[in-house]
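Chain residues, written in single-letter form:
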Amino acid sequence: MRLSALLSLAARPKLPKGYRHGTWRPGTAAERLRNPPGLRRKKIFVEPISREDWKVFRGDTVQVLTGKDAGKQGMVTQVVRARNWVVVEGLNTHYRYINRNAKYSSTYIASEAPLLLNQISLVDPEDRKPTEVDWRYTEEGERVRVSLRTGRIIPLPLRQRRDGIVPEQWIDGPKDTSVDDALDKTYTPSLKTFEEEIMDAMGIVETRRAKKSYWY
Amino acid sequence: TTLPRKGLEEFFDDPKNWGEKTVKSGDAWNIKQLRAKSSQDLHKLWYVLLKEKNMLLTLEQESKRQQKPMPSPERLEKVEKSMKNIDLVVREREIALRLLQTGHEKPVPGEWRNDFLGRTYWYSYKEWPIPWYLNKKYKKRKFYYLPHVNRFIRLRLEKYLRLRNRRQSLKKKKQKLLEKKFPHLAVKSQSQ
């Protein structure tokens, strides 16, 4: 367990020191255009919220409290935790031209501006009114979001996969292993190393003796 | 087992997928799923994944040569991720067995040694065919430092302490600035 956890921590790509997060994902062409390496911008102060305290997720319904679309509810399409940002679908929009080239005069589209967490409030599922939310534990021990006004549990939104696959509608291809084969438990713990077990299974007998070597 | 006629067709995908723009592929193998598999299964799976990787790499190279986009390059990432996960699972089992039998975590023994500059570092042993007193290259290496280095050790220590204090005071300054901008943070720290 420890080894895999250690290596997964080390594998995250490192962003430069004064990096300013935008609405683009680091690694895309748009982000590389706006944040080239060596760019230094003024520091933006962001209220530090720990990973455990974070309450808003993509797919949640939220109500906008301030701004042009105050009082309207919408679904969250993007969350940028580094700047405490939430992008709500269709709300807080401004208009811009897109996709201009030599032959085509651009398209006029509405693009959403991100909202800070204090301009947003999570919505009670039955009331559909904004509430304060806290993390609590159920009797089973599950960590859930509870609205403080009514006491109802706000369920977490369904997490869609990044590649767009819906596990319920998946049909296995010729090279995919079936679910039963993949979950089949064949491991019996034994005091033999991996190499020894393979040698036993394949009937390899090592008769050579290693020459004396020195370790220092 | 298949009976390959020369075997080169395994470097290429199923002929039905030739010329397709996207090829459907399932998820990579999870570490949890792999931990439940026996060593033989992992061994066989490794070679299946290796062959698939070779096929995908030939496909990638050929698409580069033809200057066309490679159909579904995420398959390569999934295969590499699965192979890395298998490696991790095997290493975990090896470490567990070694801990039980010997009490050591690392596969290679070692010890803390000083180098000629006075620094202490973890020296891991290497395998040699001759003992150390016959090894000219090893005898030339100095694992000790002479007394004149003590001054530089002290200077290095001072530098390290100075940097550490700078980092700590920077952290405190940043925290103070944050508390000025967001007053509720100061209240929280006081109540705690």
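Just so it is clear, the model here is predicted, and its values are computed rather than measured. (Residues numbered from 1 in each chain as written. Chains lettered and ligands numbered in written order. Predicted model: local features only at pLDDT ≥ 70, side-chain atom pairs only at ≥ 80, totals over all residues. Heavy atoms only, no water.)

With respect to the overall build of chain B
Thought 1: If you tally the helices and strands in chain B, you get six helices and three strands.
Thought 2: Going from N to C terminus, chain B has its helices and strands arranged as α-α-α-β-β-β-α-α-α.
Thought 3: Computed over the C-alpha atoms, the radius of gyration of chain B is 28 Å, more than 25% above the 16 Å expected from 2.2 N^0.38 for a compact globule of 192 residues.
Thought 4: Dimensions of chain B, computed from the C-alpha atoms along their principal axes, are close to 70 × 70 × 40 Å.
Thought 5: Burial statistics for chain B: of 192 residues in total, 28% are counted as buried.
Thought 6: Pairs at least 24 apart in sequence give 54% of the contacts found in chain B among residues at least 6 apart.
Thought 7: Here chain B holds 47 positive side-chain charges and 22 negative ones, and the gap between their average locations is 14 Å. (Helix = DSSP H or I, 4+ residues; strand = E, 2+ residues; numbered from the N terminus. Rg over C-alpha atoms; globule rule 2.2 N^0.38 Å. Buried < 20%, exposed > 50% of the residue type's maximum accessible area, 1.4 Å probe, protein only. Contact = heavy atoms within 4.5 Å. Lys, Arg positive; Asp, Glu negative; His and termini not counted. Charge placed at Lys NZ, Arg CZ, Asp CG, Glu CD.)

Some points on the overall build of chain A
Thought 1: Helix and strand counts for chain A stand at four helices and 11 strands.
Thought 2: Relative to the compact-globule value of 17 Å for 216 residues, chain A shows a C-alpha radius of gyration of 26 Å, a clear excess of over 25%.
Thought 3: Along the three orthogonal principal directions, the C-alpha set of chain A runs to about 80 × 55 × 45 Å.
Thought 4: In chain A, which comprises 216 residues, the share counted as buried stands at 23%.
Thought 5: The long-range share in chain A, meaning contacts at least 24 apart out of those at least 6 apart in sequence, stands at 41%.
Thought 6: A total accessible area of about 16900 Å² is found for chain A, and carbon and sulfur atoms account for 53% of it.
Thought 7: The distance from the centre of the 39 positive side-chain charges to the centre of the 28 negative ones in chain A is 13 Å. (Areas by Shrake-Rupley, 256 points an atom, 1.4 Å probe, with all protein chains shown as cover.)

Re unusual backbone geometry
Thought 1: In this structure, A:Arg128 is a non-glycine residue whose phi angle is positive, near 60°.
Thought 2: The residue A:Arg128 is located in the loop between strand S7 (120-122) and strand S8 (133-137) in this model.
Thought 3: Owing to a relative accessible area of 59%, A:Arg128 belongs among the exposed residues under this scheme.
Thought 4: Positive phi, normally seen in glycine, also occurs at B:Gln67, with a value near 60°.
Thought 5: You can call B:Gln67 exposed: its relative accessible area is 73%.

A look at the sheet that holds S7(A)
Within a sheet, adjacent strands bond to each other through the backbone by hydrogen bonds, running parallel or antiparallel.
Residue and element names in this part refer to chain A.
Thought 1: Taking strand neighbours across the sheet as the criterion, the five strands line up as S6-S3-S2-S1-S7 in an open arrangement whose pairing is antiparallel. Either end of the sheet is taken by a strand with one partner, and the two such strands are strand S6 (115-116) and S7.
Thought 2: Relative to strand S3 (residues 85-88), strand S2 (residues 73-80) runs antiparallel, the two being bridged by four bridges. Among the inter-strand pairings, Val80 is bridged to a residue of S3, identified as Trp85. (Pairing = 2+ DSSP bridges.)

Comments concerning the packing of helix H4 (residues 194-202) of chain A against helix H2 (residues 39-66) of chain B
Thought 1: One way to put it is that H4(A) packs onto H2(B) with a least axis distance of 9 Å and a crossing angle of 85°. The angle between the axes of H4(A) and H2(B) places the two elements in the roughly perpendicular class. Contacts between H4(A) and H2(B) involve A:Phe194, A:Glu197, A:Ile198, A:Ala201 and A:Met202 on the former and, on the latter, B:Ser39, B:Gln40, B:Leu42 and B:His43.
Thought 2: Class assignment of the residues belonging to the contact of H4(A) with H2(B) gives a composition of five nonpolar, three polar and one charged. (Axes fitted to C-alpha atoms, helices over the stretch in contact; angles between N-to-C directions. Parallel < 35°, antiparallel > 145°, perpendicular 65-115°, else oblique. Nonpolar A, V, L, I, M, F, W, Y, C, P; charged D, E, K, R; others polar.)

Here's the deal with the UniProt feature "domain: KOW" (unreviewed entry) in chain A
Thought 1: Residues given the UniProt feature "domain: KOW" (unreviewed entry) here are residues 55-82 of chain A.
Thought 2: From the first C-alpha to the last, residues 55-82 of chain A spans 14 Å; its make-up is 0% helix and 43% strand. (UniProt positions renumbered as here; feature names shortened; annotations may be inferred.)

Re the interface of chain A and chain B
Thought 1: Of the residues lining the interface, 39 residues belong to chain A; the matching set on chain B comes to 50 residues.
Thought 2: Both faces considered, chain A and chain B share a buried interface measuring about 3800 Å² in area, 63% of it formed by carbon and sulfur atoms.
Thought 3: Our count for the contact surface shared by chain A and chain B stands at three salt bridges.
Thought 4: Where chain A touches chain B, the interface holds 20 residue pairs in polar contact (both at pLDDT 80 or more). (Buried area = accessible area lost by both parts, 1.4 Å probe. Salt bridge = Lys/Arg side-chain N within 4 Å of Asp/Glu carboxyl O. Polar contact = N/O pair within 3.5 Å; in protein donor to acceptor, adjacent residues only side chain to side chain.)

Topic: a positive patch on the surface
Thought 1: Where like charges cluster on the molecular surface, the positive patch consists of A:Lys17, A:Arg40, A:Lys43, B:Lys173 and B:Lys174.
Thought 2: Counting through the fold element by element, B:Lys173 comes out in helix H5 (residues 150-181).
Thought 3: Accessibility expressed as a relative area gives 58% for B:Lys173, which makes it exposed. (Patch = residues over 30% accessible without salt bridge, like charges linked within 9 Å, V, L, I, M, F, W, Y side chains within 5 Å.)

Thoughts on the nonpolar core
Thought 1: Counting 18 residues, the largest nonpolar core has B:Leu34, B:Leu42, B:Leu45, B:Leu49, B:Leu56 and B:Ile86 as the members making the most contacts within it.
Thought 2: Elements with a contribution of two residues or more to this core: helix H1 (31-35), H2 and helix H3 (74-101) of chain B.
Thought 3: Sort the elements by how many residues they give to this core and H3(B) lands first, with seven residues.
Thought 4: Setting aside residues no more than four positions away along its own chain, B:Leu49 makes contact with B:Val79, B:Ser82, B:Met83 and B:Ile86.
Thought 5: Listed in part, the 13 residues of the second largest apolar core include A:Val62, A:Val88, A:Leu122 and A:Val133. (Core = buried A, V, L, I, M, F, W, Y, C linked by side-chain atoms within 4.5 Å.)

Concerning the pattern of salt bridges
Thought 1: Counted under the stated rule, the structure contains 22 salt bridges over all chains.
Thought 2: With its nearest N and O atoms 3.2 Å apart, the salt bridge here joins A:Arg149 to A:Asp127. Of this pair, A:Arg149 sits in the loop between strand S9 (143-147) and strand S10 (153-154) while A:Asp127 sits in the loop between S7 and S8, and the two are 22 residues apart along the sequence.
Thought 3: Judged by relative accessible area, A:Arg149 falls into the partly exposed class, the value being 46%.
Thought 4: Using a relative accessible area of 33% as the deciding quantity, one classes A:Asp127 as partly exposed.
Thought 5: Put simply, B:Glu158 and B:Arg162 hold a salt bridge, and the shortest N to O gap is 3.8 Å. Residue B:Glu158 and its partner B:Arg162 are located together in helix H5, separated by four residues, close to a single helical turn.

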